[in-house]
Each structure stands twice: as C-alpha cells, then as structure tokens.
Amino acid sequence: MNKQPQPTFNMTSILESVQNARESGALLSSSAAAIEEWLSGNFLPEWAVSSLRELVEASEWEELNNRFFQSMTFGTGGIRGRTQSTKVTLSERGNASDGEAPEHAGVGTNLLNDFNIARATIALFRYTKGYLQKEGRGHEIPGLVIAHDVRHFSRHFCELCASIWSQLGGNSFIFDGPRSTPQLSFSVRYLRVHTGVVITASHNPYHDNGFKAYFEDGGQVVSPHAEGIVAEFGKVALDELPPFLKKELGRVVVLGKAPEDAYREVVKRSLIHSGIISEQKPHIVFTPIHGTGAIMSVPVMRECGARVDVVDAQMRMDGNFPTVKSPNPENSEALSMAVAKAREVGADLLIGTDPDCDRMAVAVRNQAGDYEILTGNMTGAILAEYRISQLKAAGLIPQEGSPRAALIKTFVTTPLQDRIAEAHGLKVINTLTGFKYIGDKLQEYQSKLDAAMKAEGFAVDYDRMAPARKRELMLAHSTFYVFGGEESYGYLCTDDVRDKDGNAASLAVLEVAAFLKSQGKTLIDYLDAIYVEHGLFLETLGNVYLEGAAGAQKIRNILTSYREHPPVSIGGVAVSKVTDFGTETLVDADGKEIPKQDFYLVDLANGYRYAVRGSGTEPKIKFYVFGYAPVADSEALVNVKNHTKLEIEAMRKAIEADAMARA
C-alpha cells in the first residue's frame, strides 16, 4: 500500500505536546486520542500533518477540540458540517488568494474533508454491496449517481466520491455541473441505480458542506440503511484511505440530456391546471440566492407562461454567497434584494430558493402595495388547501375525501394542515422531522401497491406508469399521496421525487397565484379565508445556537433535562402534557410505530403547544411554538392576529430562557 510522504520534523515532540495537553485538561480525551491516531496513522499527506503541527505548536487546544472532539455521523441530513474551521491554517490555505476558498478542506474528524468523504463513500459502497448480496442480488454492480451544489469543495467532493466508487468496482454517474437536490432524488429512480449522494449543506453558512445519502427508492437513507452505513463508516480504517485520495475519473459517466429532460417533465407534472399560468401570466421576481434554482426553476416557469424577472446579482452561482449574511430563504434578509427588485418592477409576488433548491420561500404584494413574506407553514397551508380542493374539483380524488388519500407532514409543521386535510376527509400522517421520513412513507405506499398487484398476479412498473393509472391503483389498493411538506420551507407535490422540491414548489405556487389572479385575489386573501374557516394558527421558531464541543454538551444537557425534569410551567402557563418521543411507544395514522428520538411535544393549558429538538444539521436546539385562536369572522381577524402574535412571541422568549437555565 502506498504511504503518503511525511514531513521531517520531530513527530515525537508533537505527540508529547498532545499528551501534555490531555493531562492538563486543555484537550479532551476524545480529541487527544483522535489527534494521536491521525498523526500516527501514516495516511495523511504532508500538508495535513503540517496543518496539525501548526495548531499544536501554537497551543490552539480549543480549535483542536472543535476539530477532533467527535467524529461525523449520519444525522437527519446525512453528514453535514464545516469544511473550514474557525481558524484556517497556512497549510490548508495553500495557494488560495484572499477571498477564495482554501486549497484544502480542514483536517479533523469533525470536519468534512477528503478523508471523511472517502470514508463515507467506502462505507456507502460496502453497505450497498452487502445489501445487494443479502437480497440475492449480488450479481448487480452497485450504481451511484452524485449531484452537487455551488459550495466550496462541492465539485471536488463530487468527483472524489465518483472516483472512489468506480475504483471499488461500482458504476458512478455525475452531472456536468451543479444540480439541485430534488433532481438527484429523481435521478436515482430514473437511472435505476442503487444509491445516490448530493454534496450540499443546503442553506447552511458558506463554510459548511455535506454528504447526503439516498437509497434506491430515491429517498434519503433511513433505518436500517442509515445505521448500516454508519456502522460501515466506523469500520473504515484510516490506512485504507491513501489509494483513494487521488481522483481517477476515467470510468465515471457524465450524464447527458435525457435525465435532464425527464426531470423537467416531472417538475411540470406538479401542475393541476397546466394552462392557467399562461392564461394569467403572473409577474414574479425570482432569486436562487447564488444557487442551483437558476438551472431548472427559471426556464420551466417561463416555459409555462410566467413573466419572470430575476435578481441579476444573485443569479451567479457562488459558494461565498456574497450578497447575503445567510443563504437561507427562511431569513427575510436573504430575500431583501428580491423584495427591492419586486418593488421596482411591480411584481405580483417573489420566489426565492436556497442553494440546493430543495426549499422555497414566497412573498406576495399586499393591499398596502408592499411585499409580505409568508412563512413555510403559511405557504404549505395554501398549497394544501388549493391542491386538495382542485383535485376534488377535477374529479381526481373523491369529493367526500378518502382514507386512501393522504397529506403527509412533520410533527413540527402547523396543525392547520391537519385541520385542512381532515376537513376534506383525507388521512393525515405526521412524521418526525426530516424529509427522509416523508420519503420513507411514500416508499411504504409504493411497496404496498406492488404487493397487492403481485398477489393478483400482476407486476407494475411504478415509475413508468401513467400518472392517472398510478392514482387509480393507489386509491384502490394503497394510499394516494396528495401533498406533503415541512415548516422549514420544504414541499412536495407528487411522489415522482422523494425529497422536498423547490423547483416544483415554485411552479405550484405560481399556479395558485395565477388561479387567484383570475379571481382578483392574492395568496394573502386566500390564506385569510382559510383562517376564517379553520381558526388562526400562528407559529414561531426559537433557536439557541451552541457551537463547538462545549455547545454540543449544553445541547445534550437541555434535551436530557426535558426527560429527567420535564417543565411544569412556561411563562406562567401550566404544562398540561409532555410527550417524550424517546421513551414512549407512538404510532402514526397507519398504525406504524414512530422511531424513538430525543424529541418532545409540550402541551400548555392555554391551548398552545411547542416542540423541542436538536437540529440534525446545525449546532443549535430548536423550539417550534404553535399558537391557536378561533376567528368569528373576517372583520375580527386583524385583532386576533395582533393578540396571538404578542402571546406567541412572549411564549418563545420564555421557552428560550428556560432552555438556557437547563443548559
């Protein structure tokens, strides 16, 4: 096995410094052990060893703790984290100029770098190959398709992953440039490969990236695949890595036009009334916030007849995201340039997507002539009501509803969507946070249809079936998926894709806007009518950021304290019930058990509720606060809104203060 060339400086003295820092308490034991393993493993290239030497000689123990206190694991979004630590060494900077990304991703077990990408790819390959053998499909060559967004190291990680997969004996496919996450999800099914990866950190800050794994159903990996990949990840020895760190792309296939065209048609399939956009020609401003939304969303919306103006400064794909503090369309600041453009051109509404285009935000011109940004819960409620009512009007689902037609959402998404679907006679499935659970439920419904058809002596090709026939069979033998989403600006209109889809959601919102324009109404008018019918549901989100090793421990402290010492009151309001998803046995509307997780729902005596969970993608703990108030009529709505906003904001502050006391 080829060894990497090593520096000539005294390794013994460096290891002694690490040991002394451990003994003095400056280095955590886990950090020291990992650093010693990496330095002694004889697998690091010279620049990486030099980087560690630089940090050790400068006694940067806190920095080394943050880099090595833990190893990356698969969370709700796969592996995601920093590629650049808070301090970039001279060796990592390399030949990069000021303002450019470093030449190398940072060294550390807790950073996303070549070493962790290699380990993840090897683990995914070994798990996939073992799975195929276990399923009696060992003759199949493991296939992988990879997409990437615009972030630092994204193309490099994509090519490295494809190279490793090919060297291991698999077939690997990549795109000719950045593509969105939903296009990757679709391509896994379209190409009929066994697994997929998208290199992205979605809406995270510029210094992050990720390795997001999908299985052959096109959904993100879930149990037991996730645990199996994690187990394989832990088995990859560091001295196995050197042969894989040099990219060999000779056997990697670059995808052509056919998969692109196929996904484009699926995006258009999200429309219920395909001609209404061209009839009404809604005028929108669109921004991809320097990301991949420009590739598919803009041309498809224009093809369907919309008048689309773009934010020119944000159309350039740039991993520094230079025009925003954060490329997250959930934050109003990220949409400020789009709002300014919309005012300039007098657009009906504006749409923004995050860098990998799985999330989509909307702002609409209100009666005062300004632009009001809708929350993900609001947009999801609008889409749910419109799609259910229009599917009924078109005779595509029974007018009275059906328990075989479902809306799927997460527990942390507004209960207004439950109320809407139930009023229409549909089944509502609530899942844990993470779109992978929605994708898993869709695969469950597909498998149920496959089994029903097999029992009758038929075989069906689900992905090649005409949409009308698929709907007919699902309503008869399984569950037809009507709509789904999550509060964090993620929506899915059809099950052709198994992840949230900002491209299709942008088109779906345009359809609603066009439909309402034909009636002289706006999305805000439509939402207010929903509130009058079902009551006012308002939500807010609390975040407590706790970075680094110390922050991770505080997050664990907060989550553990909810189990050991559940709250009895918050902000002077009594707690009526705490549901602990980590210890209680809970089932969904299909009777399927919900996986255990450190997640809590807290019901309050005033009818409010909040949820508590640690983020799977960022160093923070999140609090989802749900408020409700009945609405007598449209005239009472303004006062009800104002009162509920004040109450829910006070509740958020009280919850966050309680959390810091628990930390």
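## Overview of the layout of surface pockets
Considered as a void within the structure, the second largest pocket measures approximately 530 Å³ in volume. As for the second largest pocket, its lining consists of 27 residues, and the residues nearest its centre are Arg189, Glu216, Asp217, Gln443 and Gln446. Top contributing element to the lining of the second largest pocket by residue count: helix H16 (residues 435-455), with five residues. Across the lining of the second largest pocket, the residue classes break down as eight nonpolar, eight polar and eleven charged.

## Some words on the sheet that holds strand S2 (residues 143-148)
The strand order across the open sheet built from six strands is S1-S5-S4-S2-S3-S6, with neighbouring strands paired in mixed fashion. Lying at the two open borders of the sheet, with one neighbouring strand each, are strand S1 (79-82) and strand S6 (253-254). Note that strand S4 (residues 195-199) and strand S5 (residues 208-215) share five bridges and pair antiparallel. If you follow Ile199 over to S5, its bridge partner there is Phe211.

## Some thoughts on the side chain of Ser85
For Ser85, the location among the structural elements is in the loop between S1 and helix H5 (90-93). A distance of 2.5 Å separates polar atoms of two side chains, one belonging to Ser85 and the other to Glu63.

## Some details on unusual backbone geometry
Residue Pro224 is bonded to the preceding Ser223 through a cis peptide linkage, with omega at 5 degrees. On the secondary structure map, Pro224 appears in the loop between S5 and helix H9 (225-235). Positive phi is not limited to glycine here, since Asn42 has a value of about 55 degrees. By the secondary structure assignment, Asn42 is in the loop between helix H2 (29-40) and helix H3 (46-57). For Asn42, a relative accessible area of 30% puts it in the partly exposed group. Positive phi is not limited to glycine here, since Ile289 has a value of about 50 degrees. Residue classification places Ile289 among the buried residues on the basis of a relative accessible area of 0%.

## Details of empty space enclosed by the protein
If you walk through the whole model with that rule in mind, you get three cavities of 30 Å³ or more. In this structure, the largest cavity spans a volume of roughly 40 Å³. Contributing to the lining of the largest cavity are Val266, Ser270, Leu492, Cys493, Thr494, Val497, Asp501 and Ala504.

## A word on the pattern of salt bridges
Throughout the structure, instances matching the rule amount to 48 salt bridges. Here Asp370 makes a salt bridge to Arg343, at a shortest N to O gap of 3.0 Å. You can see Asp370 sitting in the loop between strand S10 (360-365) and strand S11 (371-373) and its partner Arg343 sitting in helix H13 (residues 336-345), a full 27 residues away along the chain. Put simply, Asp495 and Arg498 hold a salt bridge, and the shortest N to O gap is 3.8 Å. We classify Asp495 as buried; its relative accessible area is 10%. By relative accessible area, Arg498 is classed as buried at 0%.

## A word on the nonpolar core
Burial of nonpolar side chains together is a common tendency in soluble globular proteins. Formed by 103 residues in total, the largest nonpolar core has its most connected members in Ile277, Leu349, Leu350, Ile351 and Leu523. Considering each element in turn, this core owes the most residues, eleven residues, to helix H18 (residues 502-517). The contacts of Ile351, once residues within four sequence positions are left out, are Ile284, Val285, Phe286, Thr287, Met301, Met360, Ala361, Ser506, Val509 and Leu510. Core analysis: the second largest hydrophobic core is formed by 62 residues, Trp38, Val56, Phe125 and Ile229 among them.

## Looking at the pairing of strand S3 (residues 171-174)
When S2 meets S3, the two strands line up parallel, connected through four bridges. Bridging from a neighbouring strand, Val145 pairs with Phe173 of S3. The parallel pair S2 and S3 is bridged by helix H7 (residues 154-167), and the resulting crossover is right-handed. Bridging between S3 and S6 involves two bridges; their strand directions are parallel. Each bridged residue has a counterpart across the sheet, and for Ile174 the counterpart in S6 is Val254.

## Looking at the packing of helix H14 (residues 376-393) against helix H19 (residues 523-534)
Each pair of packed helices can be described by the angle between their axes along with the distance between the axes. The N-to-C vectors of H14 and H19 enclose an angle of 80 degrees; their axes lie 10 Å apart at closest approach. Considering their axes alone, H14 and H19 lie roughly perpendicular with respect to each other. Facing H14, whose interface residues are Met378, Ala381, Ile382, Glu385, Tyr386 and Ser389, H19 presents Leu523, Tyr526, Leu527, Ile530 and Tyr531. Classifying every residue of the contact of H14 with H19 by side-chain character gives nine nonpolar, one polar and one charged.

## A look at the packing of aromatic side chains
This structure, assessed with the given rule, holds 19 aromatic pairs. Here Tyr131 and Phe215 contribute two aromatic rings whose centre-to-centre distance is 5.1 Å and whose plane-to-plane angle is 80 degrees, an arrangement assigned as edge-to-face. Separated by 84 residues along the polypeptide, Tyr131 in helix H6 (residues 114-134) and Phe215 in strand S5 bring together distant segments of the chain. For the residue pair Tyr131 and Phe215, the accessibility class agrees, reading buried in each case. Three or more aromatic residues link up through ring pairs in this structure, and these residues are Trp38, Phe43, Trp47, Phe68 and Phe115.

Cut-off values and rules
- Residues numbered from 1 in each chain as written.
- Predicted model: local features only at pLDDT ≥ 70, side-chain atom pairs only at ≥ 80, totals over all residues.
- Heavy atoms only, no water.
- 1 Å grid on protein atoms, 1.4 Å probe; cavity = no way out; pocket = protein on both sides within 12 Å on 5 of 7 lines; lining within 4 Å.
- Points joined across faces, edges and corners; volume = space filled by probe spheres on them.
- Helix = DSSP H or I, 4+ residues; strand = E, 2+ residues; numbered from the N terminus.
- Nonpolar A, V, L, I, M, F, W, Y, C, P; charged D, E, K, R; others polar.
- Pairing = 2+ DSSP bridges.
- Polar contact = N/O pair within 3.5 Å; in protein donor to acceptor, adjacent residues only side chain to side chain.
- Buried < 20%, exposed > 50% of the residue type's maximum accessible area, 1.4 Å probe, protein only.
- Salt bridge = Lys/Arg side-chain N within 4 Å of Asp/Glu carboxyl O.
- Core = buried A, V, L, I, M, F, W, Y, C linked by side-chain atoms within 4.5 Å.
- Contact = heavy atoms within 4.5 Å.
- Right-handed = clockwise from strand over helix to strand, strands pointing away.
- Axes fitted to C-alpha atoms, helices over the stretch in contact; angles between N-to-C directions.
- Parallel < 35°, antiparallel > 145°, perpendicular 65-115°, else oblique.
- Phe/Tyr/Trp six-rings, centres within 6.5 Å; stacked < 30°, edge-to-face > 60°.

That's the geometry; what it means functionally is another story.
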